[in-house]
Amino acid sequence: MENSIHLQYTVDGTDFTKAGEASSDVKHKLKKLNVPTDALRRIALAMYEGEINMVAHADGGTIDVDIYEDKLTMVLDDVGPGIQDVDLAIQEGYSTASQEVRSLGFGAGMGLPNMKRSSDEMKIETEINVGTKITMTVYY
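Quick caveat, the model's predicted, so the values are computed rather than measured.

(A) How the structure looks around the nonpolar core. Core analysis: the biggest nonpolar cluster contains 32 residues, and V26, I63, V65 and M74 have the highest contact counts within it. Among the elements of the structure, strand 1 (5-12), helix 1 (21-32), helix 2 (37-58), strand 2 (60-67), strand 3 (71-78), helix 5 (111-118) and strand 5 (131-139) are those that each provide at least two residues to this core. In terms of residue count, helix 2 provides more of this core than any other element does, eight residues in total. Setting aside residues no more than four positions away along its own chain, V26 makes contact with L7, Y9, I43, M47, V65 and L72.

(B) Inspection of the sheet that holds strand 5 at higher detail. Overall, antiparallel pairing links the five strands, which are arranged 1-2-3-5-4 in an open sheet. For this open sheet the edge positions go to strand 1 and strand 4 (121-127), each flanked by a neighbour on one side alone. Taking each pair of neighbouring strands and ignoring which way they run, the sheet shows an average axis angle of 10°. Sheet topology places strand 3 next to strand 5; seven bridges connect them, and they run antiparallel.

(C) Main features of helix 2. Spanning 22 residues, helix 2 covers 30 Å between terminal C-alpha atoms, matching the ideal 32 Å at 1.5 Å per step. Immediately beyond the C-terminal end of helix 2, within one or two residues, lies D59, with a positive phi of roughly 55°.

(D) Highlighting the pattern of salt bridges. Here the structure, examined in full by the defined rule, presents five salt bridges. Between D25 and K29 there is a salt bridge, with the nearest N and O atoms lying 2.8 Å from each other. Pair noted here: D25 and K29 are both in helix 1, with a separation of four residues, about one helical turn. Classification of K29 as partly exposed rests on a relative accessible area of 31%.

(E) Examining the pairing of strand 4 more closely. Here seven bridges tie strand 4 to strand 5, and the two strands are oriented antiparallel to one another. The residue bridging I124 from the neighbouring strand is I134, located in strand 5. Between strand 4 and strand 5, which pair antiparallel one after the other, the connecting turn spans three residues, and N129 there sits at a positive phi close to 65°.

(F) Region of interest: the packing of helix 1 against helix 2. Viewed as axis vectors pointing N to C, helix 1 and helix 2 meet at an angle of 165°, and their least axial separation amounts to 8 Å. On the basis of their axis angle, the class for helix 1 and helix 2 is roughly antiparallel. The handedness of the crossing between helix 1 and helix 2 comes out as right-handed. Facing helix 1, whose interface residues are E21, A22, S23, V26, K27, L30 and K31, helix 2 presents L40, I43, A44, M47, Y48 and E51.

(G) Geometry of the side chain of T132. Mapped onto the secondary structure, T132 falls in strand 5. Side chain to side chain, T132 and T126 meet in a polar contact 2.8 Å long. The contact partners of T132, leaving out residues within four places of it in the chain, are L76, D77, D78, G82, I83, I124, E125 and T126.

(H) Looking closely at unusual backbone geometry. Phi is positive for D59, which is not a glycine, with a value near 55°. By secondary structure assignment, the location of D59 is in the loop between helix 2 and strand 2. A positive phi is found at N129, a non-glycine position, where the angle reads about 65°. Locating N129 in the fold gives a position in the loop between strand 4 and strand 5.

What counts and what doesn't
- Sequence order as written defines the numbering, with residues in each chain counted from 1.
- Only residues with pLDDT of 70 or above have their local features reported here, since the model is predicted, and side-chain atom pairs are shown and tallied only from 80 upward, although totals for entire chains, interfaces and linings are computed over all residues.
- With hydrogens and water set aside, each side-chain value is computed from the structure's full complement of heavy atoms.
- As used here, the term nonpolar core means buried Ala, Val, Leu, Ile, Met, Phe, Trp, Tyr and Cys residues forming a set that is joined through side-chain atoms within 4.5 Å.
- For the exposure calls, accessible area comes from a 1.4 Å probe over protein chains only, and a residue counts as buried if that area is under 20% of its type's maximum, exposed if over 50%, partly exposed in between.
- Each helix is a run of DSSP H or I of at least 4 residues and each strand a run of E of at least 2, with the numbering of both proceeding from the N terminus.
- When checking whether two residues touch, look at their non-hydrogen atoms; a contact exists if any pair is within 4.5 Å.
- One bridge is not enough; two strands pair if DSSP finds at least two bridges between them.
- Axis definition: a line fitted to C-alpha atoms, limited for helices to the stretch in contact. Angles are taken between N-to-C directions and run from 0 to 180 degrees.
- Between the first and last residue of a helix there are one fewer steps than residues, each counted as 1.5 Å, and that sum is the expected span.
- Criterion for a salt bridge: a side-chain nitrogen of Lys or Arg within 4 Å of a carboxyl oxygen of Asp or Glu.
- Here roughly perpendicular refers to angles of 65 to 115 degrees, roughly parallel to angles under 35, roughly antiparallel to angles over 145, and oblique to all remaining angles.
- Handedness of a crossing follows from how the near helix is turned relative to the far one, being left-handed for an anticlockwise turn of less than a right angle and right-handed for a clockwise one.
- Counting of polar contacts relies on pairs of N or O atoms within 3.5 Å, with two restrictions inside protein: one atom must be capable of donating a hydrogen and the other of accepting it, and residues adjacent in sequence are counted only when both atoms are side-chain atoms.

If you want it as C-alpha cells, here you go:
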C-alpha cells in the first residue's frame, strides 16, 4: 500500500435505505487490500453506526476515510444540531432519536457506544447548532 488512500463519501440525511453504503464500500475495498478480518469488522461497524447517526440526527454529512498501511482513520462531519451532552450521549441506551426514527428500528442509544468500542481512538468535536465531527482510528 502507498502512503495512504483517501476516500470521501456523502451521507444523504433523508434516506435510511442508503445508510451503510459508505461502510460497505470501504469494507469491500479493505478486503482487496487484505486488511485483517477483525479490523474490517470493527471499521465497518464503527462507520455504519456513524452513518446511521448522521441520518437519524444530523441531516447527513460527509465521511473522509484515509487508509494507511497499519491503520484507517475516518472523519464523520455533519452540520446537525450538535450533541448537547457528550458524556451522556456516549452512554449505552441514551438516545435523542425521534419516534419516527425509533419506529424504523433505530435509536436504541448504541450508536456512539458501538463507535467508541469498535475504534482504537475516537474524538468528538461538537458545537450546538453548528454540527459534530467525529474522528475514529482503527489500527491493524
